[in-house]
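Chain by chain, the residues run as shown.
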Amino acid sequence: QVQLVESGGGLVQAGGSLRLSCATSGRILMIKDIDWYRQVPGKQRELVATITSGGGTDYADSVKGRFTISRDDAKNTAYLQMNSLKPEDTGVYYCKARIRSMGPLWREDDYWGQGTQVTVSS
C-alpha cells in the first residue's frame with residue numbers, strides 16, 4: 001500500500017523558515033503531480049503549491065515569492081521550503097500526490113499524508 005508521511009513542521013517566529021518533507025513508500029511506479037495543502041480548524045482546506053511531473057510549479061497568491069515546492073524523484077520525496085513565515089501561515093500542512101502504483105494491475109490514485117503542524121508566532 002502506498003503511504004505518504006509529512007515531516008518538518010514545528011513552531012517558528014514570524015520571519016523564520018521551515019522546510020517540509022513528504023516521503024512516499026510502497027510499490028510506486030511513478031509520481032505525477034504533487035500538491036501541498038494547509039488547513040486551519042473552521043476554515044476550508046487551501047491549495048498552497050503544486051509541482052507537476054515535468055517540474056512546472058504553481059503557488060497560491062498568498063505564498064508566492066516566499067514558498068518553493070520541489071521534488072527529488074530519485075528519493076520519491078517532495079519538499080516545501082517556507083521562508084518569511086507569517087502568523088497566517090499557521091495550519092496543518094498536507095501533501096497529496098497522484099501516484100501510479102503496482103498491484104495485480106497497475107493503478108493510479110491520489111494519496112494524502114497525515115499532516116504536519118506549522119505554527120508561526122508573532
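Scope of this entry: the structure provided in the associated data block. (Residues numbered from 1 in each chain as written. Predicted model: local features only at pLDDT ≥ 70, side-chain atom pairs only at ≥ 80, totals over all residues. Heavy atoms only, no water.)

Right, let's get into a nonpolar patch on the surface. A cluster of nonpolar residues, Leu 29, Met 30, Met 102 and Trp 106, forms a patch on the protein surface that exposes about 410 Å² of accessible area. Here Met 30 lies in strand S4 (residues 28–39). (Patch = residues over 30% accessible without salt bridge, like charges linked within 9 Å, V, L, I, M, F, W, Y side chains within 5 Å. Areas by Shrake-Rupley, 256 points an atom, 1.4 Å probe, with all protein chains shown as cover. Salt bridge = Lys/Arg side-chain N within 4 Å of Asp/Glu carboxyl O. Helix = DSSP H or I, 4+ residues; strand = E, 2+ residues; numbered from the N terminus.)

This paragraph deals with the environment of Ile 28. Summarising the element assignment, Ile 28 is placed in strand S4. Classification of Ile 28 by relative accessible area gives buried; the value is 17%. On a C-alpha basis, the gap between Ile 28 and Asp 72 in space is 14 Å, while along the polypeptide they are 44 residues apart. Leaving out residues up to four positions away in the same chain, Ile 28 has contacts with Val 2, Asn 76, Ile 99, Arg 100 and Ser 101. (Buried < 20%, exposed > 50% of the residue type's maximum accessible area, 1.4 Å probe, protein only. Contact = heavy atoms within 4.5 Å.)

The next subject is the side chain of Thr 77. Along the chain, Thr 77 falls in strand S8 (residues 77–82). Here Lys 75 takes part through its backbone oxygen, which lies 3.0 Å from a polar atom of the side chain of Thr 77. Residues within four places of Thr 77 in sequence aside, it is in contact with Cys 22, Ala 23, Arg 71 and Asp 72. (Polar contact = N/O pair within 3.5 Å; in protein donor to acceptor, adjacent residues only side chain to side chain.)

Inspection of the secondary structure assignment puts Ser 101 in strand S9 (residues 91–101). Once residues within four sequence positions are removed from consideration, Ser 101 is found in contact with Val 2, Arg 27, Ile 28, Leu 29, Trp 106, Arg 107 and Tyr 111.

Overall, the coordinates contain 1 disulfide when judged by the stated rule. The disulfide partner of Cys 22 is Cys 95, and the S-S distance across this bridge is 2.0 Å. With the S-S dihedral at roughly 60°, the linkage between Cys 22 and Cys 95 falls on the right-handed side. Linking Cys 22 in strand S3 (residues 18–25) with Cys 95 in strand S9, this pair joins segments that are 73 residues apart in sequence. For the pair shown, Cys 22 and Cys 95 are each scored as buried. (Disulfide = S-S within 2.5 Å.)

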